[in-house]
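# Structure assessment
Chain by chain, the residues run as shown.
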2 protein chains.
Amino acid sequence: MKPTIYDVARRAGVSIATVSKVINRNGKISERTREKIVHIMAEMDYFPNLVASALSSKKTNMLGLLLPDISNPYFAEMSRHMEDRAFELGYHIVICNTDNRIDKESDYLTFLQQKGVDGILLATGAAHPQSLETLSEKKLPIVLIAREVPQLPVNTVLVDDFRGGYAATEHLLQNGHRDIAIIVESIDLASSRERLQGYRAALAEQRCPYREDRVVVSDFSIRAGMEAAGMLLDGPRQPTAIFACNDLLAIGTVQAARSRGLQVPEQLSVVGFDDTFLATVIDPALTTVGQPIREIARQAVDLLHRQMTGEEQAKQRIVLLPELVVRNSTSPV
Amino acid sequence: MKPTIYDVARRAGVSIATVSKVINRNGKISERTREKIVHIMAEMDYFPNLVASALSSKKTNMLGLLLPDISNPYFAEMSRHMEDRAFELGYHIVICNTDNRIDKESDYLTFLQQKGVDGILLATGAAHPQSLETLSEKKLPIVLIAREVPQLPVNTVLVDDFRGGYAATEHLLQNGHRDIAIIVESIDLASSRERLQGYRAALAEQRCPYREDRVVVSDFSIRAGMEAAGMLLDGPRQPTAIFACNDLLAIGTVQAARSRGLQVPEQLSVVGFDDTFLATVIDPALTTVGQPIREIARQAVDLLHRQMTGEEQAKQRIVLLPELVVRNSTSPV
DNA sequence: TGATTTTGGTTAACCGTTTTCTCCAAAACG
DNA sequence: CGTTTTGGAGAAAACGGTTAACCAAAATCA
C-alpha cells in the first residue's frame, strides 16, 4: 500500500499536521524536525496524494484547455507552448477537442468544473455567451484565446486580426493584384470577421472594389480550402490572388491551383494566415500572416495564472500584433 | 456556493447515501424517490464534485498521456483519436510532452501518480525500464504505444516495424534501386531498430549489399531530416533512394534534395513512414509506410480500459500491420 | 398467523489532506 | 521572580463524496 501522511507522521513520532506543514513549507517548524521528516518521507518513498490535497485545499493545479482539434497544427503548436508554460508554473493541462461543437463544448465545460480545474483556457467556441456567463458567475478563472465575446467582460488574448487581414491584402495590392479573393474560416468567428474587415479596408484604401462574390466562407481543413479555392478558380473569372484565412486553407488553395495546372505564384498568388510550421513545408513556401503562437500561449497561461492567484483582478484584453511573413507563394501580377 | 450532496439530501429529506446511490445508479432506490432526487438535483443545478468522488472511490477517470511532442503531427493525430475514444469511455486525458527526455518523463510519471490517474498511455521513452517497473509494482495500468521494453511484461500496442521497414525497402528495390540509404530516428528506440532490420532483411533478400555508411541516425524533425539527407547527398556517391523513418524526416529529405537541385522522384526516390496528413501536403505526395494511427490509438485506450476495469488481467501485445502507400515520391531508377 | 424474504433506506466509517485553534515550554522582559 | 511573548507542535474539524453493515416495514410464503 502506498504510504500516507499518517504513516510518515507515525514513523516520525509527530502529528500529521506537522508533516503537512513541512510538505507545504508553511507554519513554523524547527529545522531539526523538518529534516527528520524530509528524510523519512524520502525513505518511505512517500508522495502526497494530490486528490486529497485538492479536496481539502480546493486547488487541483489543473487547467482545462478547450480547442477545436489538436490535430490542427495551429492548435497543436499552441497547446505545446501552453503546456510548457503551465508545467513551469506547476499546472497540468487537460485537453478537450470540441470540433467547434457547442454541445461538446458545454459538456466539457461542466465536466471540467466538476473536476475542479483551477482555470480554463478557451480557444474554441463560436461565441456561446451563455455558458461563459454561468462560468464567470461561478468565479472560475477563464481566458479566451483568439475569440471574443463582446457582451461580456472576460480575459482575452488575441491577435489583431484586422491588421493581419489588412497586411495580407495590402501586400497583394502592392504586388499589383486587383482581383483578390478571400477564403474565410467561418462567419461565426469574430476573428474571421475582423480579417475580412481588414481585407475590405485595404481594398478600400487602394480604391479597389469589394465584390461579394470574391468572398467564400469555408472551414478549417485543407480539403475545405481545396473546395473553396476550386469554386473560385472554376468560376467565370479567376482571381489573380487568394487570401486564405489560415494556413490549411492556403495549402488547400495551392493544391487546388496545382490540380488545375496553375503555377503558384506565377499564375496565382496565395497568402495564408497563422504561420504554422506547415508554411515552410509546402512548395512554394507560403507567404502568410504570422501569429506569435508561442507568445499567445504564454500570455494566455500567464494571464490565467495571475487571475487564479488573485494577483490581478481586473479583466483584461491582450492584443498581440501579427506580422506578415513574405515567402514564395506571392509575386507581382 | 455550489450545492453539495448534503444540500440535495436535506432538500429531499433523505440521507446523502440515498442521493449518492441515485447519482451512481447502484443500490436499491424506489422509482419515486429516485425521480424526486433527480428533479431536485436539476433544480439546484447540482453536480457531484469529482475530486471528492475520486478521493473516496479511488477513481479519477483521468488518463495520463506521455508523448514526445504534441506538435509533431503523428502524435497530434494519435492523441486526437485517443481523446475521442477516452471521452466515449468517460475519461479525460492529461497531456505530457516529454521531448523524449528521461527526466521530464519520470517527473510526469510521479506527478501523474500523485494525481491519481487511473491509467497511463506511454508513447514516449527510449526505454526506461526502471521507472516502468516501479509503476507496474504499484499496479497502475499502463500501455506502451509503439515502444517496447523486452525485459518487462507490459501491455503494448504497436505496428510491425520490421515489416514496415521491409515493405518500404522492397518497394524501392522493385523499382530498381540498388543504392538505398536509410535515415533512422534514433538508435535507442526499438521501433527504429526494427525498421532498420526490415530494411536489412529486404536488402539481403534481393542480394543487395548492406553498407554501414548508408545508415544515418537522426531525430524527429524536418530540420534533422534535411541535415541527415544533406550528409548523404553531399557524400561522394549519392544514393538513388532514401528511406526516411518518419514523414518529417522524409519531408526534410525532399527539401534537402530540392535545395540541391535534385528532382524527386526523378533523381531521388523518397519513402517516409507514418502517413500523417503531411504526406499529402508536400509535393510530390509522399510514398510512405502507413500506420493505422487511429486504430493504434483506439486499441491502446481500449486495452488500457480493459485492464483498468479488470476485465482482462493478462498483459498483452497488440501488433497492427502497416501498409505501404505508394504516391509520387518514388519512381523507377 | 407467524416466519422469512425483499425492498428501500439510514448510519457511520473512511478516503488523505489542509488548516484553525489550542496548548505548552522556554525565552524574554520588567 | 512573576509575567508576557514566542516558537513549535498537536487535536480535531473540515473538504464532499462512497460504501459496507444494518434495520424497519412491506411483501411473500407455508
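Basis of the calculations
Residues numbered from 1 in each chain as written. Chains lettered and ligands numbered in written order. Predicted model: local features only at pLDDT ≥ 70, side-chain atom pairs only at ≥ 80, totals over all residues. Heavy atoms only, no water. Phe/Tyr/Trp six-rings, centres within 6.5 Å; stacked < 30°, edge-to-face > 60°. Helix = DSSP H or I, 4+ residues; strand = E, 2+ residues; numbered from the N terminus. Lys NZ or Arg CZ within 6 Å of the ring centre and 35° of its normal. Pairing = 2+ DSSP bridges. Axes fitted to C-alpha atoms, helices over the stretch in contact; angles between N-to-C directions. Contact = heavy atoms within 4.5 Å. Buried area = accessible area lost by both parts, 1.4 Å probe. Salt bridge = Lys/Arg side-chain N within 4 Å of Asp/Glu carboxyl O. Buried < 20%, exposed > 50% of the residue type's maximum accessible area, 1.4 Å probe, protein only. Least-squares fit on C-alpha atoms with pLDDT ≥ 70 in both. Near = heavy atom within 4 Å. Polar contact = N/O pair within 3.5 Å; in protein donor to acceptor, adjacent residues only side chain to side chain. Domains from an automatic or database assignment. Right-handed = clockwise from strand over helix to strand, strands pointing away. UniProt positions renumbered as here; feature names shortened; annotations may be inferred.

The name given to chain A in an unreviewed UniProt entry is LacI family transcriptional regulator, and the organism recorded there is Cohnella pontilimi.

## Digging into the packing of aromatic side chains
Residue and element names in this part refer to chain B. On inspection of all chains with the given rule, the structure shows nine aromatic pairs over all chains. Ring geometry for Phe162 versus Tyr166: centroids 6.5 Å apart, planes at 25 degrees, classification stacked. Here Tyr166 and Phe162 lie together in helix H8 (residues 161-174), a separation of four residues that amounts to about one turn. Geometry around Phe273 places Arg195 over its ring, the cationic atom sitting 3.6 Å from the centre. Lying across the ring of Tyr210, Arg200 places its NZ or CZ 3.8 Å from the centre.

## Considerations on the sheet that holds strand S12 (residues 323-325) of chain A
All names here are of chain A. Within the open sheet, the six strands sit side by side as S7-S6-S8-S9-S10-S12. Their pairing is mixed. With one partner strand each, in any of the chains shown, strand S7 (215-217) and S12 form the two edges of the open sheet. For this sheet, the mean inter-axis angle between neighbouring strands, taken without regard to orientation, is 20 degrees. The pairing of strand S6 (residues 180-184) with S7 spans three bridges and is classified as parallel. Counted as the bridge partner of Val184 is Val217 from S7. With respect to the sheet, helix H11 (residues 247-259) is in contact with S6, strand S8 (241-244), strand S9 (269-274) and strand S10 (287-290), its orientation differing from that of S9 by roughly 160 degrees.

## Some details on the interface of chain A and chain B
With 53 residues of chain A at the contact, the number on the chain B side is 53 residues. Across the chain A to chain B interface the summed buried area is about 4,500 Å²; carbon plus sulfur atoms make up 64%. Inspection of the chain A/chain B interface yields six salt bridges.

## Focus: the sheet that holds strand S3 (residues 119-122) of chain B
Reading across the sheet, the 12 strands line up as S11(A)-S5(A)-S4(A)-S3(A)-S1(A)-S2(A)-S2(B)-S1(B)-S3(B)-S4(B)-S5(B)-S11(B) and stay open at both edges, with mixed pairing between neighbours. Of all strands in the sheet, those with a lone pairing partner are strand S11 (317-320) of chain A together with strand S11 (317-320) of chain B, marking the two edges. Each strand axis lies, on average, 20 degrees off the axis of its neighbour in the sheet, ignoring direction. The pairing of strand S4 (residues 142-145) of chain A with strand S5 (residues 155-159) of chain A spans three bridges and is classified as parallel. Looking across to S5 of chain A, one finds that Leu144 of chain A is bridged to Thr156 of chain A.

## Topic: the pattern of salt bridges
As a working rule, side chains carrying opposite charge can pair if their charged atoms are close by. Residues and elements named next belong to chain A. Counted according to the given criterion, the structure contains 44 salt bridges over all chains. Lys104 serves as the salt-bridge partner of Asp99, at 3.7 Å between the closest nitrogen and oxygen. Its relative accessible area of 35% is what places Asp99 among the partly exposed residues. Between Asp179 and Arg214 there is a salt bridge whose closest N-O contact spans 2.9 Å. With Asp179 in the loop between helix H8 (161-174) and S6 and Arg214 in the loop between helix H9 (190-205) and S7, this pair connects stretches of sequence that are 35 residues apart. Assessed through its relative accessible area of 12%, Asp179 is described here as buried.

## A short note on the relation of the copies chain A and chain B
In the superposition of chain A on chain B (RMSD 0.1 Å, axial shift 0.0 Å), the rotation amounts to 180 degrees. Seen this way, the second copy is the image of the first under a two-fold rotation axis. When you check the interface residues of chain A against chain B, 100% turn up at the interface there too, and the contact is symmetric in its surfaces.

## A closer look at the environment of Gln267 of chain B
Residues and elements named next belong to chain B. Summarising the element assignment, Gln267 is placed in the loop between helix H11 (247-259) and strand S9 (269-274). We classify Gln267 as partly exposed; its relative accessible area is 43%. The sequence separation of Gln267 and Ser56 amounts to 211 residues, and the corresponding C-alpha distance is 65 Å. Those residues in contact with Gln267 that lie beyond four places of it in its chain are Thr240, Gly261 and Leu262.

## Here we look at the protein's contact with DNA strand D
Looking at DNA strand D, there are 28 residues lining it, with Ser15 and Thr18 of chain A together with Ile5, Ser20 and Ser56 of chain B nearest. Backbone atoms, meaning sugar and phosphate, form 68% of the atoms of DNA strand D found within 4 Å of the protein. Interatomic distance of 2.8 Å between a backbone N/O atom of Ser15 of chain A and a phosphate oxygen of DNA strand D. Between a base nitrogen of DNA strand D and a main-chain N or O atom of Ala52 of chain B, the distance comes to 3.5 Å.

## Observations concerning the domain arrangement of chain A
When the domains of chain A are assigned, the result is domain 1 (5-48), domain 2 (58-160 + 293-322) and domain 3 (161-291). Measuring from the centre of the C-alpha atoms in domain 1 of chain A to the corresponding centre in domain 2 of chain A gives 36 Å.

## Some details on the pairing of strand S8 (residues 241-244) of chain B
All names here are of chain B. Because side chains alternate across S8, one face comprises the buried residues Ala241 and Phe243, and the other comprises Ile242 and Ala244, equally buried. Sheet topology places strand S6 (residues 180-184) next to S8; four bridges connect them, and they run parallel. Directly across from Ile182, in S8, lies its bridge partner Phe243. Relative to S9, S8 is paired through three bridges, and the arrangement is parallel. Residue pairing across strands places Phe243 opposite Val271, the latter belonging to S9. As for the winding sense of the linkage, the β-α-β connection from S8 through H11 to S9 is right-handed.

## Some remarks on the protein's contact with DNA strand C
Among the 27 residues in the neighbourhood of DNA strand C, the closest are listed as Ile5, Ser20 and Ser56 of chain A together with Thr18 and Thr33 of chain B. For DNA strand C, the fraction of atoms within 4 Å of the protein that belong to sugar or phosphate moieties is 65%. One of the side-chain N or O atoms of Ser15 of chain B is found 2.9 Å from a phosphate oxygen in DNA strand C. In the model, a base oxygen of DNA strand C is placed 2.9 Å from a nitrogen or oxygen of the Lys21 of chain B side chain.

## What about the UniProt feature "domain: HTH lacI-type" (unreviewed entry) in chain A?
The positions UniProt marks with the feature "domain: HTH lacI-type" (unreviewed entry) are residues 3-57 of chain A. What you have in residues 3-57 of chain A is 71% helix and 0% strand, and the ends, taken at the C-alpha atoms, are 20 Å apart.

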